[in-house]
Amino acid sequence: MSGTWLPLPAGTGFGVDNLPYGVVGGRVVVPVGDDLLDLAAALAPVQARLAGLVDRPSLDPLLAAGPATWAAVRGALTSLLTEDRPEHRRAVQDALRPAGEPQLPFTVADYVDFYSSEQHATNVGRLFRPDSPALPRAWRYLPIGYHGRAGTVAVSGTPVVRPCGQLSESVYGPTRRLDIEAEVGFVVGVPSRLGTPVRAADWRQHVFGVVLVNDWSARDVQAFEYQPLGPFLGKSFLTSVSPWVVPLAALEHAFVDPPAQHPRPAGHLLPAGPGLALELEVRLNDQVVSRPPAASLYWTAAQQLAHLTANGASLRTGDLYASGTVSGDEPDQLGSLLELTSGGHRPLTLPDGTTRTFLADGDAVRISAMAGGISLGAVTGTVHPSP
Ligand code: MN
């Protein structure tokens, strides 16, 4: 971790190399150690113009401002926290706030969910379509995805009310197969022009940062409804995101080569750009059930962005696109209960002796992630019974 004059708890994942952004109490804040920094208050004495951009209850204007401004804000913040001068100490100390309830930090414009883990797509294909090839025909040629429901993307901690749906020809009722999907989400800042695809090489001109996503899923609803148009009510009841948007600038040390791609993708999906070595951790009632490795994702953030605009569809500030469930090769690296329990056939035994196939009312799920010493925070949710 870079040095700071500010005393921080040992081993904090929110040191001065991280500096993610969120909204608490109607203010844009940056978690530093266990405290929050009111960003506009901290910047005001040193960078009045930049302070104005974040003196509001949302990250939207900062997201829209683009890479030069993102770098300027991060640079100003870093200098405040690392250069030990009396005016810096005063600005920071006057802007420190106690922790509080995070809010959804940006207006989610469109929401897209991909299906970019080969391991996950293979596992689900075997369970849902045992008589067909596990990977759909197009899977190795493009990052398959679908448009989800932006209006039901909610911040971490939002209650997960067990959804009702059609579970079969004759049954409408509460889902019996409520599941999680541990995913990595990318937050778009800079819009693009309708009719003009975004080149894969230009992804960082548009993508601001990363959040963790739990794409809650009702598997019985999903299995009955999804062919041929894809997920609908089995997914759209709620998608939770972590409160802190970690800028790509804080994650460059975690950029890694993605898995080799065969066949070679079409030209507009190249260069592939980096994969992201995030170590996810899934806890159910505070017991670790999985550690999915995001570095194993087959398709990258750059390729997902190039694909989702390849037809000229435009980007808006606040677009969120998620990787799809992250699953690794090992049995303890699977990002959904569907996979962890082989479709509900093999119950999972937790360390405390309880067993689960899918989520029970009252269950608490927490997905967190680290990238080296940098924390991406966590996305949490507790299951409430159907009303
Ligand atoms: Mn998903």
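Residues numbered from 1 in each chain as written. Predicted model: local features only at pLDDT ≥ 70, side-chain atom pairs only at ≥ 80, totals over all residues.

Enquirer: Quick one: what's the story with the overall build of the chain, residue by residue and with numbers?
Expert: When you go through the chain residue by residue, the secondary structure sums to ten helices and 26 strands. Its C-alpha atoms give the chain a radius of gyration of 21 Å, within 12% of the compact-globule value 21 Å for 387 residues. C-alpha extents for the chain along the principal axes are approximately 70 × 50 × 35 Å. Looking at the 387 residues of the chain, the share that counts as buried comes to 48%. The long-range share in the chain, meaning contacts at least 24 apart out of those at least 6 apart in sequence, stands at 75%. (Helix = DSSP H or I, 4+ residues; strand = E, 2+ residues; numbered from the N terminus. Rg over C-alpha atoms; globule rule 2.2 N^0.38 Å. Buried ≥ 20, exposed ≤ 12 C-beta atoms within 10 Å, placed from the backbone. Contact = placed C-beta atoms within 7 Å.)

Enquirer: A description of the pairing of strand β13 (residues 182–188) should follow, citing residues and the corresponding values.
Expert: Burial analysis of β13 places seven of its seven residues in the buried class, which makes it a mostly covered element. Residue alternation in β13 divides its side chains into two sets, A182, V184, F186 and V188 and E183, G185 and V187, and both sets are buried. Bridging between β13 and strand β14 (residues 207–214) involves seven bridges; their strand directions are antiparallel. Bridging from a neighbouring strand, V188 pairs with V207 of β14. Where β13 and strand β22 (residues 320–322) come together, three bridges link them in antiparallel fashion. Note that in β22 the partner of G185 across the bridge is A322. (Pairing = 2+ DSSP bridges.)

Enquirer: Give a detailed account of the domain arrangement of the chain, specifying residues and quantitative values.
Expert: Looking at the chain, the domain boundaries give domain 1 (22–101) and domain 2 (111–384). Between the C-alpha centres of domain 1 and domain 2 the distance comes to 30 Å. Taken residue by residue, the interface counts eleven residues in domain 1 and 13 residues in domain 2. Contributing elements (two or more residues each) for the side of domain 1 that touches domain 2: α3 (60–65) and α4 (67–82). With four residues, α4 is the single largest residue contributor to the side of domain 1 that touches domain 2. Among the residues making up the side of domain 1 that touches domain 2, the classes are represented as seven nonpolar, two polar and two charged. (Domains from an automatic or database assignment. Nonpolar A, V, L, I, M, F, W, Y, C, P; charged D, E, K, R; others polar.)

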